[in-house]
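# Survey of secondary and tertiary structure
Here is how the chains run, residue by residue.
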Amino acid sequence: MDNLRPWRKRTLQIMTMERWKKNSMDTVDGQQLAQVGGHGSVDKSQAMQVNKEGLVLKPIQEGARGQREVEFFKTVTNSSDPTLAVFQEFIPQFYGVSRKKLEDGTTVEYLMMENLTKNFIKPCIMDVKIGAKTYGPDA
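Treat the numbers as computed from the prediction; the structure is a model and nothing was measured.

### Remarks on the overall build of the protein chain
If you tally the helices and strands in the protein chain, you get three helices and seven strands. Ordered by position in the sequence, the α and β elements of the protein chain form the string α-β-β-β-β-β-α-α-β-β. Among the 139 residues that make up the protein chain, the fraction classed as buried is 25%. Taking the intrachain contacts of the protein chain between residues at least 6 apart in sequence as the baseline, contacts between residues at least 24 apart amount to 34%. Summed over its atoms, the accessible surface of the protein chain is roughly 10,900 Å², and 54% of this surface lies on carbon and sulfur atoms.

### A short note on the confidence of the model for the protein chain
Overall, the prediction assigns the protein chain a mean pLDDT of 75, with 65% of residues at 70 or greater. Note on residues 15-20: pLDDT is under 50 here. Beyond four places in sequence and across chains, it has six contacts.

### Here we look at the pairing of strand 5 (residues 56-59)
The alternating pattern of strand 5 places Val-56 and Lys-58 and Leu-57 and Pro-59 on opposite faces, both of which are buried. Two strands pair when backbone bridges link them, and strand 4 (residues 48-50) and strand 5 are joined in this way by two bridges, in the antiparallel orientation. Bridge pairing in strand 5 links Gln-49 to Leu-57. Counted between consecutive antiparallel strands, the loop separating strand 4 from strand 5 contains five residues, among which Gly-54 sits at a positive phi close to 90°.

### What to know about the nonpolar core
Counting residues in hydrophobic clusters, the biggest one holds ten residues: Met-48, Val-56, Ile-60, Val-70, Phe-73, Val-76, Ile-91, Phe-94, Leu-111 and Met-113. Counting residues per element, the ones that place at least two in this core are helix 2 (63-78) and strand 7 (107-113). If you tally residues by element for this core, the top one is helix 2, at three residues. In contact with Leu-111, not counting residues within four places along its chain, are Val-56, Leu-57, Lys-58, Ile-60, Glu-69, Val-70, Phe-73, Phe-94 and Gly-96. With five residues, the next largest nonpolar core counts Leu-55, Leu-57, Val-108 and Met-112 among its residues.

Calculation rules
- Residues numbered from 1 in each chain as written.
- Predicted model: local features only at pLDDT ≥ 70, side-chain atom pairs only at ≥ 80, totals over all residues.
- Heavy atoms only, no water.
- Helix = DSSP H or I, 4+ residues; strand = E, 2+ residues; numbered from the N terminus.
- Buried < 20%, exposed > 50% of the residue type's maximum accessible area, 1.4 Å probe, protein only.
- Contact = heavy atoms within 4.5 Å.
- Areas by Shrake-Rupley, 256 points an atom, 1.4 Å probe, with all protein chains shown as cover.
- pLDDT = per-residue confidence, 0-100.
- Pairing = 2+ DSSP bridges.
- Core = buried A, V, L, I, M, F, W, Y, C linked by side-chain atoms within 4.5 Å.

Right under this line is the structure:
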């Protein structure tokens, strides 16, 4: 694939992803969970999903980065400090942490948060990143 031009690689990746999406479905209690963000993954437990209540389930990363993200949401949601509460209008409402036991016995944790696109028929979201690295060294 190294000899392909960049636009051909991108086209191949899109076609492969479309084929993968058609052949794979994840369900909980008989309800299909749609991937709503992230890069996609063969391991669907690492993809963002929507649960049957309409909340977004975002997988918590392993290690310190994931724990800092959970702590951020908990702190901002529960804070009466005006310097922290100002973030509440810019982030989805946080509903806590959910755990899902996988078939292999491992447990995956998810942030449960408001689905900001739930009232849209065909939402279109753009996630713009500037630069090569989009997080700090201690993120």
